[in-house]
Amino acid sequence: MSLTADVTDAGARVVEPASVAVIGTGAIGQDLISKIHRSPVLDCRLVAGRNPGSAGLRHAEQFGYPVTAAGIDAVLAAGTAFDVVFDATNAASHLRHWALLEPLGTLVVDLTPSRVGRMVVPTVTGVEATTGRNINLISCGGQASIPVAHALATRFPVTYVEVVSTVASDVAGRGTRLNLDEYVATTRHAITTFSGVPDVKAILNISPAVPPATFRTAVHARIPGADVAAVRAAVDGAAEQVRSFAPGYAVTACTVVDDRVTVALQVTAHSDVLPRYAGNLDIINSAAILVAEQHAARLGRTARTEAAR
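The rules we used
Residues numbered from 1 in each chain as written. Predicted model: local features only at pLDDT ≥ 70, side-chain atom pairs only at ≥ 80, totals over all residues. Heavy atoms only, no water. Salt bridge = Lys/Arg side-chain N within 4 Å of Asp/Glu carboxyl O. Helix = DSSP H or I, 4+ residues; strand = E, 2+ residues; numbered from the N terminus. Buried < 20%, exposed > 50% of the residue type's maximum accessible area, 1.4 Å probe, protein only. Arc of directions from axis to C-beta. Contact = heavy atoms within 4.5 Å. Core = buried A, V, L, I, M, F, W, Y, C linked by side-chain atoms within 4.5 Å. Pairing = 2+ DSSP bridges. Axes fitted to C-alpha atoms, helices over the stretch in contact; angles between N-to-C directions. Expected span 1.5 Å × (residues − 1). Polar contact = N/O pair within 3.5 Å; in protein donor to acceptor, adjacent residues only side chain to side chain.

A.B. asks: Give a description of the pattern of salt bridges that names residues and reports values.
C.D. replies: According to the stated counting rule, one finds 9 salt bridges in the structure shown. Across the pair Asp 236 and Arg 232 runs a salt bridge whose closest N-O atoms are separated by 3.0 Å. Placement of the pair is Asp 236 and Arg 232 together in helix α9 (residues 228-242), with a separation of 4 residues, close to one helical turn. For Asp 236, a relative accessible area of 32% translates into the label partly exposed. We classify Arg 232 as partly exposed; its relative accessible area is 32%. Among the ionic contacts, a cluster of salt bridges with common partners joins Glu 16, Asp 43 and Arg 45.

A.B. asks: Lay out helix α2 (residues 55-62) with the relevant residues and their values.
C.D. replies: Taken together, the buried positions of α2 are Gly 56, Leu 57, His 59 and Ala 60. Axial view of α2: buried residues confined to an arc of 160 degrees, hence all on one face. At its buried positions, α2 is contacted by α1 (27-38), β4 (42-48) and β5 (67-68).

A.B. asks: A description of the nonpolar core should follow, citing residues and the corresponding values.
C.D. replies: In terms of nonpolar packing, the biggest core is built from 81 residues, with Phe 86, Leu 137 and Leu 152 touching the most fellow members. Leave out the neighbours within four places in its chain, and Leu 137 touches Val 109, Asp 110, Leu 111, Val 120, Gln 143, Ile 284, Ala 287, Ala 288 and Val 291. Among the nonpolar cores identified, the runner-up in size contains 12 residues, and Ala 21, Val 75, Val 85 and Trp 98 belong to it.

A.B. asks: Talk me through the pairing of strand β12 (residues 216-222); I want residue IDs and the actual numbers.
C.D. replies: Looking along a regular strand, one sees side chains alternate from face to face of the sheet. Sheet topology places strand β10 (residues 160-168) next to β12; 7 bridges connect them, and they run antiparallel. By the bridge assignment, Val 161 is partnered in β12 with Ala 221. Relative to strand β14 (residues 260-267), β12 is paired through 7 bridges, and the arrangement is antiparallel. Across the sheet, Val 219 pairs through a bridge with Val 263, a residue of β14.

A.B. asks: Please give an account of the sheet that holds strand β13 (residues 249-257) that cites residues and values.
C.D. replies: What the 5 strands build is an open sheet, ordered β11-β10-β12-β14-β13; its pairing is mixed. In the strand order of this sheet, the two ends are held by β11 (200-207) and β13, each with one partner. Between one strand axis and the next, the sheet turns through 15 degrees on average, direction left out of account. Seen against the sheet, helix α8 (residues 180-195) touches β10 and β11 and runs at an angle of roughly 140 degrees to β11.

A.B. asks: I'd like a rundown of α9, residues and numbers included.
C.D. replies: Taking 1.5 Å of rise per residue, 15 residues should cover 21 Å, and α9 covers 21 Å from first to last C-alpha, within 8% of that figure. Those residues of α9 that are buried are in contact with α5 (122-125), α6 (140-155), β13, β14 and α10 (279-299). Two or three places before Ala 229, at the opening of α9, Asp 227 has a side-chain oxygen 3.3 Å from that residue's backbone nitrogen.

A.B. asks: Report on the side chain of Ser 114, specifying residues and quantitative values.
C.D. replies: Its place among the elements puts Ser 114 in the loop between β7 (107-110) and β8 (118-119). Not counting the four nearest positions on each side in its chain, Ser 114 is found in contact with Ala 91, His 94 and Asn 136.

A.B. asks: Run through unusual backbone geometry, naming residues and quoting values.
C.D. replies: Cis geometry is adopted by the peptide bond preceding Pro 211, which originates at Val 210 and carries an omega value of 0 degrees. At Arg 115, a residue that is not glycine, the phi angle is positive and equals roughly 60 degrees. With respect to the element layout, Arg 115 can be found in the loop between β7 and β8. A positive phi angle, close to 70 degrees, is found at Ile 138, a residue other than glycine. With respect to the secondary-structure elements, Ile 138 resides in the loop between β9 (134-136) and α6. Note on Ile 138: relative accessible area 0%, which makes it buried.

As structure tokens, then:
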């Protein structure tokens, strides 16, 4: 895709930020819009939903972004292809969306557990789609657990991994509930892929507790002969890397009893629109923004001035 540029009075070439579109206007879409707005190298050119009265479309309008209730059709009808399209719908919809977007040459960042594109966990895989142009961010539980599971499996003979994530009911929207089966299957597959451990279980709890429960994930692993200090060092190192893009990521406990290792993780949201307990949405969106910003860097895009934001 060619770069669009303006020429200043001094004759200097000014390259525009990467153009992006967001499909999906639920809570995850709203937070994405806010994060894109704060990014100096991403420019939101379209927010597409299906419900004309959705809170997500109203939120995007507050920033002055073009909005539509025509969904994927509006993205396809745009005059030029976007540099990045974020799909924040559901796994079944993404299958259709990818078939339509693939010929356009855009980078598609999939926030559904569709398992269509290359699975990415930034601190484990890096953020580039080495093949194709579809990046799959697995699930919130996958983004939280895989850095730790990978760190443990890299250093120790792990024989079993179980991941249990808990999200608050009021931030588990329609898309999340439609995706429950895909969430479990995709998260389990990704943990096996990045840890090399075939015996894996993934569980998602949707908690109705009041006040709402902060997003948390427990990673249980069997490691014969596990050393407490070595396990903690591996876990803390992985967590520090994740905090480079998701600052609310924290290790709240790390225990070793015989060959059973338990790592308790909690993620608080750093967001303009999400409550602090919605760390499940924040961590996957933070990964999505990191992927898009690195793609913008590879395209050679430059930052907007503060006045233009």
